[in-house]
Structure formats: structure tokens, C-alpha cells
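# Structural overview for review
Now for the letters of each chain:
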Amino acid sequence: VSSSNSPLAARCLGCGREFQTEQVVLLGQTFPAERYCELCRATEEVVDEQRRADVRWARVQVPSAYDGCTFENFEPVPDTRNALAVCRQWTKEFRAGTDLRQGLLLRGNPGAGKTHLAVAILREVIWSDREPRPTALFLNVPGWLNALRESYGDGEPPPNPSGYGLVVLDDLGA
């Protein structure tokens, strides 16, 4: 196998465009060093990163009803404007690796947006570029307790919340 710095015109297998690449000679045959153009390779990297992010998000186990919850689309009700600012600041510090020494308790009336804000925090933490990437888990406490009770028979035990960098306990007082 030999590689040459001589440019070779190749047709991208992804988009069909012609592009320049190095040539590789193998057993007397000349082949392009790359099969995909730079744009298609960059696009594939973005798609792969999105797949990895989707897998990380799936591990958090947030119910699909909350898929769209972000800080940006949070609609404050009376007395929750401060909660949004506090949650954003807490998240910023967590992502920066600040040793917070304490968690965050969101309390309020039903419909105030506590779960929305908690999921927004999870989303920001999971999609951060901090290394190592923090692990997180969403637990609906009544559902988790039911699953725990059922597991004493032949059922499968619910997720163990220990060992995660961030755990959201939803409906703790329900």
C-alpha cells in the first residue's frame, strides 16, 4: 500500500459531488483516500454527535411528556420568575464544576412549572460539553416507589439513584 500526495478527483458517495483527495495505490490499483467529501464527513460527525446526545438523554429517563421543556420556553406564573433565575444560575454553576455542596429544592403549587424547570436543568447538564460528562436521572418518586414495591416479587427493580451526578426527584411530596 502506498499513498501519494498527488491529488485525485473523486466522486462523493454521499452527495455525488466531485472533490479532491489523495490517492492510494494498492496492488497496482489507484483508489481515492477518502470516499466522502469534507461537507458530508462534517455532516456525519454532527449526526453522530446528535445520536450520542440522544442516547445520553434517553439514559436520563425523562418521560416524553416533558421532551420540550427548556429554560427558553418556560412560562412563569406569579411567584416563579425568581425560580427561573435561580435555576439558571444553579445550572451554570453545576456545569462549570462548582462544588455546590447542596441540591436545589423546587416547591410550589401544582402547575407552577417545577418539573419543567427540573427537566430544563437536566437538559442543560446533559448537553453540556463538560468532561467527564455528568450523569443524571429523572425519578418520579411515586412511580419509583411502586416499582420498588413490585420488585420484591418477581419484578425488575427500578433504577438505583446512587452514583449519578444529578438526580431529579419529581413529585416527592405526592
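Structure shown above.
Attention here is on the structure that accompanies the text. (Residues numbered from 1 in each chain as written. Predicted model: local features only at pLDDT ≥ 70, side-chain atom pairs only at ≥ 80, totals over all residues. Heavy atoms only, no water.)

With that out of the way, let us pick up the nonpolar core. Val60, Leu122 and Leu166 are the most contacted members of the largest nonpolar core, which has 23 residues in total. Broken down by secondary-structure element, the contributors of at least two residues to this core are α1 (38-60), α2 (81-95), α3 (114-126), β4 (136-140) and β5 (166-170). Per-element tally for this core: the top contributor is α3, with 8 residues. If we skip the residues at most four places from it in the chain, Leu166 touches Trp90, Phe94, Ile121, Leu122, Val125, Thr135, Ala136 and Leu137. (Core = buried A, V, L, I, M, F, W, Y, C linked by side-chain atoms within 4.5 Å. Buried < 20%, exposed > 50% of the residue type's maximum accessible area, 1.4 Å probe, protein only. Helix = DSSP H or I, 4+ residues; strand = E, 2+ residues; numbered from the N terminus. Contact = heavy atoms within 4.5 Å.)

Between two aromatic rings, the relevant description is the distance of the centres plus the angle of the planes. The tally for this structure, following the rule as stated, stands at 3 aromatic pairs. On the numbers, 6.2 Å between centres and 40° between planes, the contact of Tyr66 with Phe138 is tilted. Pair noted here: Tyr66 is in the loop between α1 and α2 and Phe138 is in strand β4, with a separation of 72 residues, a long-range link. Between Trp90 and Phe94, the ring centres sit 5.4 Å apart and the planes meet at 15°, which makes this aromatic pair stacked. Here Trp90 pairs with Phe94, and both are found in helix α2, just 4 residues apart, close to one helical turn. For the residue pair Trp90 and Phe94, the accessibility class agrees, reading buried in each case. The lysine or arginine in question, Arg123, covers the ring of Trp57, its NZ or CZ lying 4.5 Å from the ring centre. (Phe/Tyr/Trp six-rings, centres within 6.5 Å; stacked < 30°, edge-to-face > 60°. Lys NZ or Arg CZ within 6 Å of the ring centre and 35° of its normal.)

If you add up the space inside the largest pocket, you get close to 650 Å³. Lining the largest pocket are 27 residues, and of these Leu104, Leu105, Leu106, Val168 and Leu169 sit closest to its centre. Among the secondary structure elements, those contributing two or more residues to the lining of the largest pocket are α2, α3 and β5. When residues of the lining of the largest pocket are assigned to their parent elements, the largest contribution, 5 residues, is made by β5. Of the residues assigned to the lining of the largest pocket, the class counts are 14 nonpolar, 7 polar and 6 charged. The volume enclosed by the second largest pocket comes to roughly 260 Å³. (1 Å grid on protein atoms, 1.4 Å probe; cavity = no way out; pocket = protein on both sides within 12 Å on 5 of 7 lines; lining within 4 Å. Points joined across faces, edges and corners; volume = space filled by probe spheres on them. Nonpolar A, V, L, I, M, F, W, Y, C, P; charged D, E, K, R; others polar.)

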